[in-house]
Amino acid sequence: MGVISILISMLAIVFALLIGAILLSFAGINPWEAIPYLIKGSFGNRYGFGETLTRFIPLLFSSLSFAVAHKSGFFNVGAEGQLLVGAVGAVLVGAYIQGLPPVLHISLAIAGGIVFGAVWAGIAGLLKIFLGSNELINTMMLNYVAVLLVDYLIHGPLKPADSYLYVSAAVLPSAKLPILLSKTPLHLGFIISLVVTAAVFYIVYRTPIGFQLRTVGANLRSAAYAGINIVGVTTVALIMTGGLAGMGGAIELLGTQFKIINGFSAGYGYDGIGVAVMGRYHPVGIVLATLLFAVIRVGMGAMQRGAGVPFPLLNVIQGLIIVFVIASGYLTNKLSETVIGGRA
Amino acid sequence: MDTSILVTVVTWLTMSIRMSIPLLFPSLGGLISQKAGIYNFGLEGMMLCGAYFAYYGSYKTGNPWIGLLLGMISGGLLGLLLAFTSIKLRVSQLVVGLGIGIFGLGLTGFLFRMIGISTTSPAATLFTKIDFGALKELPVIGEVIFSHDWMVYAGFGMVVLIAWFFYRTTSGLNFRSVGENPQVADTAGVNVVLYRYMAVVVSGVLASLGGAFLSLTQTAYFTENLTAGRGWIAISAIILGKYHPLGVLLACLLFGAADAAQMQIQVMSLGIPYQFLLMIPYILAMLAMVGVVGKVRSPAAMGKPYIKA
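This is a predicted model, so every value here is computed, not measured.

1. Description of the overall build of chain B
Then comes step 1: From N to C terminus, chain B includes twelve helices and zero strands.
Then comes step 2: In summary, chain B has a C-alpha radius of gyration of 20 Å against a globular reference of 19 Å for 309 residues, a match within 12%.
Then comes step 3: When each of the 309 residues of chain B is scored for burial, the buried share is 50%.

Pasting the structure below:
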């Protein structure tokens, strides 16, 4: 089943890229001239390679956020907002608390991001737990609110008095994540993101709380019947999903951007949905899918600079990947039934 | 003093009606789809495509009707995609809907940037307003009721039409039974699959009309993410409207009124940061669902694929 499903996923991606190429030629750009920029820009040289792995980090966090929520039956499409609000939490600690040693300062700033992200997800979570309100709409609405809230903050409260740009204060040197690979933007957050991924999947698949979480996600009624504390388990899931997105925002801030500007998140939260779907919510799948999305994202930037390809093509391809990969689940099941005689 | 308050109120009422329309079309679309048992979470993407292709057609040909037709086709095609994946392939309607949303955002942004580069003034031809003659001169209602584009009246007409269809025709009854209990409907000889396909395609067309309303009667331009989440607010309006066309109309009028109010307060420059005013529609969409939780029942088979026994 594994091989078939991977092959079919690859086919879905190829189709999505093919449609992207067709769109390009409709727009009067020769895909064969644009594609070399994608390859060269994303892993053709040292800097591009470093940039791809840097983009990898927030993508991985937001897809983990979506995957964990999905496992527990909570449809969190609010990673974009939680990531932004998480960055606010991190900037409050990273820019305004002085005189801390780096390790402590970084840890506290990341914790700030986790708390803020979890609280933001918690709004939609509480509305769902206690009032049964639709979390998909609520997390989506909170994305729009978060963008506006952050826009307000960088126009006023968080804007340094001497700045003529609309930005937040920059984090202090003691809160900046160290660079991993010299002459590239790649920072320590890369290692952190991989460790966190392993930890998250350990919790979800190897601990009692993870088991309860998956049971709630698979069948709420039987989970309640089995005596699982639904409110408690859902709260844990909320803290994890919001905390992960918030942590992604914090690490993006402390490692890459250092201050919050308009467009800080650039759609990482929405990309995470596609990554999780493509990786089929499996740890290895998610890491590989994140890598692919990071390559596409960085390569798309290079294609825009080099060949004038409009950047929104990124969303076209990602939207198609989501639809094709999810639709290919049908094909996978059909094939498994006929070839192997069992369901995937 | 009194006249200026009156002017403000009249403007507010007029704007409320106008701003409810880009929500009303996708809400009605979502309602039809949900009544037949399929979640349409792709409304936002369908609206964006409707807005873009309507704009493009009108700008290219100078005829807004051709733009409208193009927009409707784009919405219908996305509806067909959602219908095929959720009815035939039976995959997650939520995820496909999200995919359509991201795809629509990307496609319209991509195409807009492609044409935006080569032209100087890409304004679309707008629909001409209906001339009500003497009616327009009536005090208050002249402006509130008789000053709109034809699409506003078409939206209200659609509410009546859909209510009549659902609750006064046999086909409407069949339609609702498909969303409530497809097994029973099937046994009674109703073509479940056909009804569901039609519902989702019509849903896409209606959503695209909401987007087309924005670009063909309001802005004359397309901007990236023009719809600004209205496709999601529309789903909240369906729930607040308790899955009834008239309820949905009232919910959309409420959201439209809030949108109009925040626009007017912005113009008054009362010192409230504009970001907080812009948040109002989104927060209202969240509060709206809280207010009706437990009091509404969605169609029983909603979101469940139908497998013919």
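Continuing now.
2. Digging into the overall build of chain A
Then comes step 1: When its secondary structure is counted, chain A shows 13 helices and zero strands.
Then comes step 2: In chain A, the order of α-helices and β-strands from amino to carboxyl end is α-α-α-α-α-α-α-α-α-α-α-α-α.
Then comes step 3: In terms of overall size, chain A behaves like a compact globule, its C-alpha atoms giving a radius of gyration of 21 Å where 344 residues would be expected to give roughly 20 Å.
Then comes step 4: Among the 344 residues that make up chain A, the fraction classed as buried is 55%.
Then comes step 5: Within chain A, contacts between residues at least 6 apart in sequence are counted, and of these 76% link residues at least 24 apart.

3. Some remarks on the interface of chain B and chain A
Then comes step 1: Counting residues at the interface gives 40 residues for chain B and 38 residues for chain A.
Then comes step 2: Elements with a contribution of two residues or more to the side of chain B that touches chain A: helix H3 (64-88), helix H4 (93-118), helix H10 (230-240) and helix H12 (274-292) of chain B.
Then comes step 3: Tallying contributions element by element places H4(B) first for the side of chain B that touches chain A, with 15 residues.
Then comes step 4: In terms of residue class, the side of chain B that touches chain A is made up of 29 nonpolar, nine polar and two charged.

4. What to know about the confidence of the model for chain A
Then comes step 1: Summing up the model confidence of chain A, the mean pLDDT is 90 and the portion of residues at 70 or higher is 97%.
Then comes step 2: Highest mean pLDDT in chain A belongs to helix H4 (residues 79-96) of chain A (96); lowest belongs to helix H13 (residues 313-340) of chain A (81).

5. Points about the confidence of the model for chain B
Then comes step 1: The pLDDT averaged across chain B works out to 89; a share of 96% of its residues lies at or above 70.
Then comes step 2: Of the two predicted TM-score estimates for the complex, the pTM is 0.91 and the ipTM is 0.90.

6. Some remarks on the environment of Ile321(A)
Residues and elements named next belong to chain A.
Then comes step 1: Tracing the backbone shows Ile 321 in helix H13.
Then comes step 2: Residue classification places Ile 321 among the buried residues on the basis of 28 C-beta atoms within 10 Å.
Then comes step 3: For the pair Ile 321 and Leu 213, spaced 108 residues apart in sequence, the C-alpha separation works out to 28 Å.
Then comes step 4: Those residues in contact with Ile 321 that lie beyond four places of it in its chain are Ala 12, Ile 13, Ala 16, Gly 274 and Met 278.

7. Quick word on the packing of helix H2 (residues 43-61) of chain B against H3(B)
Axes are the key here: two packed helices are described by the angle between their axes and the distance separating the axes.
All names here are of chain B.
Then comes step 1: Taken N-terminus to C-terminus, the directions of H2 and H3 make an angle of 150°; their axes are 7 Å apart at the nearest point. It follows that H2 is roughly antiparallel to H3 by the angle criterion. In the packing of H2 onto H3, the handedness of the crossing is right-handed. Across the interface between the two elements, Gly 45, Met 46, Cys 49, Gly 50, Phe 53, Ala 54, Tyr 55, Tyr 56, Gly 57, Ser 58 and Thr 61 from H2 touch Pro 64, Ile 66, Gly 67, Leu 68, Leu 69, Leu 70, Gly 71, Ser 74, Gly 75, Leu 78 and Gly 79 from H3.
Then comes step 2: For the contact of H2 with H3, the class distribution of residues is twelve nonpolar, ten polar and no charged.

8. Some remarks on unusual backbone geometry
Then comes step 1: The backbone of Arg90(B) sits at a positive phi, close to 60°, despite the residue not being glycine.
Then comes step 2: Of note, Arg90(B) is situated in the loop between H3 and H4.

9. Considerations on H4(A)
Then comes step 1: Helix length check: H4(A), at 18 residues, gives a terminal C-alpha distance of 25 Å against a target of 26 Å (1.5 Å per residue), a fit within 8%.
Then comes step 2: Within H4(A), 16 of the 18 residues are buried, which leaves the element mostly enclosed by the surrounding structure.

10. Digging into the packing of helix H5 (residues 102-131) of chain A against helix H10 (residues 230-257) of chain A
Residues and elements named next belong to chain A.
Then comes step 1: Put simply, H5 and H10 touch, their axes get as near as 6 Å, and they point 140° apart. Viewed along their axes, H5 and H10 adopt a mutual orientation that is oblique. Crossing of H5 against H10: the hand is right-handed.
Then comes step 2: Here the residues of the contact of H5 with H10 sort into 17 nonpolar, eleven polar and no charged.

11. Things to note about the environment of Ile280(B)
Residue and element names in this part refer to chain B.
Then comes step 1: Within the fold, Ile 280 resides in helix H12.
Then comes step 2: Take Ile 280: there are 18 C-beta atoms within 10 Å of it, and that puts it in the partly exposed class.
Then comes step 3: Along the primary structure Ile 280 and Ala 258 are separated by 22 residues, whereas in three dimensions their C-alpha atoms are 7.1 Å apart.
Then comes step 4: Not counting the four nearest positions on each side in its chain, Ile 280 is found in contact with Ala 258 and Gln 262.

12. Brief notes about helix H6 (residues 135-155) of chain A
Then comes step 1: Counted at 1.5 Å a residue, the expected span for H6(A) with its 21 residues is 30 Å, and the 30 Å between its end C-alpha atoms agrees.
Then comes step 2: Across the 21 residues of H6(A), 16 count as buried, placing the element largely inside the fold.

13. Here we look at the environment of Val216(A)
All names here are of chain A.
Then comes step 1: Following the sequence through the fold, Val 216 ends up in helix H8 (residues 208-218).
Then comes step 2: The class of Val 216 is buried, set by 25 C-beta atoms lying within 10 Å.
Then comes step 3: Remark: the alpha-carbon pair of Val 216 and Asn 229, spanning 13 residues in sequence, is separated by 9.3 Å.
Then comes step 4: Residues contacting Val 216, with those up to four places away along its chain left out, are Ser 72, Gly 73, Ala 223, Ile 228, Ile 230, Val 233 and Thr 234.

Conventions used here
Residues numbered from 1 in each chain as written. Chains lettered and ligands numbered in written order. Predicted model: local features only at pLDDT ≥ 70, side-chain atom pairs only at ≥ 80, totals over all residues. Helix = DSSP H or I, 4+ residues; strand = E, 2+ residues; numbered from the N terminus. Rg over C-alpha atoms; globule rule 2.2 N^0.38 Å. Buried ≥ 20, exposed ≤ 12 C-beta atoms within 10 Å, placed from the backbone. Contact = placed C-beta atoms within 7 Å. Nonpolar A, V, L, I, M, F, W, Y, C, P; charged D, E, K, R; others polar. pLDDT = per-residue confidence, 0-100. Axes fitted to C-alpha atoms, helices over the stretch in contact; angles between N-to-C directions. Parallel < 35°, antiparallel > 145°, perpendicular 65-115°, else oblique. Left-handed = near helix turned anticlockwise from the far one by under 90°. Expected span 1.5 Å × (residues − 1).

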